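Fold and geometry: a report
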Amino acid sequence: MSLYEPNNALPPPVSAVAWSSSSSTCPKDFTLINLTLDGATANFVRGFGMKSGYYLCYSTNAAGGMVVSDIQVISDKEPIPHGYCFIPEYLDSKASVWKKKRVCVRIVPLGSVDTAVLDIKLTAKNKVVLQHYTCLGDIHGYVLWCKKGHFSSPAPQAKPRSVSLELRKLSLDQPAPPPLPLRPSNAPPPTPVGKLSRRRSNLEAKDSAEGVYDSSNIYGISAMDGVPFTLHPRFEATPARAVSLNALGNIRIKSVQDIENEYNYTFAVEESAANPTRPRTALASFNY
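Rules of the game
Residues numbered from 1 in each chain as written. Predicted model: local features only at pLDDT ≥ 70, side-chain atom pairs only at ≥ 80, totals over all residues. Heavy atoms only, no water. 1 Å grid on protein atoms, 1.4 Å probe; cavity = no way out; pocket = protein on both sides within 12 Å on 5 of 7 lines; lining within 4 Å. Points joined across faces, edges and corners; volume = space filled by probe spheres on them. Helix = DSSP H or I, 4+ residues; strand = E, 2+ residues; numbered from the N terminus. Nonpolar A, V, L, I, M, F, W, Y, C, P; charged D, E, K, R; others polar. Phe/Tyr/Trp six-rings, centres within 6.5 Å; stacked < 30°, edge-to-face > 60°. Lys NZ or Arg CZ within 6 Å of the ring centre and 35° of its normal. Core = buried A, V, L, I, M, F, W, Y, C linked by side-chain atoms within 4.5 Å. Buried < 20%, exposed > 50% of the residue type's maximum accessible area, 1.4 Å probe, protein only. Contact = heavy atoms within 4.5 Å.

The subject of this paragraph is empty space enclosed by the protein. Summed over all chains, the structure comprises one cavity of 30 Å³ or more. Trp-19, Phe-44, Tyr-54, Phe-86, Ile-87, Glu-89, Lys-99, Lys-101, Arg-102, Val-103, Ile-139 and His-140 together form the lining of the largest cavity. Of the residues forming the lining of the largest cavity, the biggest block, three residues, is contributed by strand β7 (residues 101-109). Of the residues belonging to the lining of the largest cavity, the class tally is seven nonpolar, one polar and four charged.

This is the structure in structure tokens:
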């Protein structure tokens, strides 16, 4: 029997199903099914002296981007269907369960399906029929039901971002700083002053005047500011042309023949040293 609820409320889908031994071991954001619709205890471990529990729990938190599209109940000897996985277990150390049947689910991405599992119920009697629910089968004396249908996608949540200290200082509520005084960009350069003391006094007066930045002077103050530029007296008395003519008058222009005669060298001494002649030895004759 499989009936679907009309698409009116669009509830959130089931994102995970698990086993839990008690409410203390049940994970966060999971709902523990401790009672059936008949009012009976939904503990799958039943027997005399059994202290540990075995309960079904499910979650509808789809923040991880995955949903449960289908649930199946199979025996422990059947192979797990393709695309399915066994539900995890969150049990204490004393829990010991003999499993004849197991629950497996199919988990898919949130945007890949239009319908998914919306709710899970348990009943203790096979004669009970739940409308708009699908019967999955009998497991340890309980009947497992699930409801499928269209679901509402969770609204995307913005991730918090760390704001630096500089950005926190910026605020629209703070008053804007006063505008700087306007200055002409093509202002004529200041005339050079002959004395250094007058230039230094002008600089000191300019620095003390409210610290206004002059955008026209992009180079600032150099080390040559205030140094007077004058010519040496030697060059002021004699024109530059006369100085150049007197300097050229002392230069003697030589021809190629004069240069060869002056710097001609035969290298005779070097040649004689490189090829020494063998001295002649006088031969003495003796008469016997």
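This next bit is on the packing of aromatic side chains. Enumeration according to the criterion identifies three aromatic pairs in this entry. Ring geometry for Phe-44 versus Tyr-142: centroids 4.9 Å apart, planes at 55°, classification tilted. Of the two residues, Phe-44 is situated in the loop between β2 (30-33) and β3 (55-59) and Tyr-142 in strand β10 (residues 142-150); the sequence distance between them amounts to 98 residues. Through a chain of ring-to-ring contacts, the aromatic side chains of Trp-19, Phe-44, Tyr-54 and Tyr-142 assemble into a single cluster. One Lys or Arg, Arg-102, reaches over the ring of Phe-86 and ends 4.0 Å from the middle of that ring.

Our focus in this paragraph is the nonpolar core. Residues Val-17, Leu-56, Ile-71 and Leu-144 are the most contacted members of the largest nonpolar core, which totals 24 residues. Residue assignment for this core shows that the elements contributing at least two residues are β1 (16-20), β3, β4 (66-75), β7, β8 (115-123), β9 (134-139) and β10. Setting aside residues no more than four positions away along its own chain, Val-17 makes contact with Leu-56, Cys-57, Tyr-58, Ile-71, Ile-87, Pro-88, Val-105 and Ile-120. Core analysis: the second largest hydrophobic core is formed by six residues, Val-67, Val-108, Leu-118 and Phe-151 among them.

Let's shift gears to unusual backbone geometry. Positive phi values are uncommon outside glycine, yet His-140 reaches one of about 55°. Within the fold, His-140 resides in the loop between β9 and β10. Phi at Phe-267 is positive, roughly 60°, even though this residue is not glycine. With respect to the helices and strands, the residue Phe-267 is situated in the loop between α5 (256-263) and α6 (268-274).

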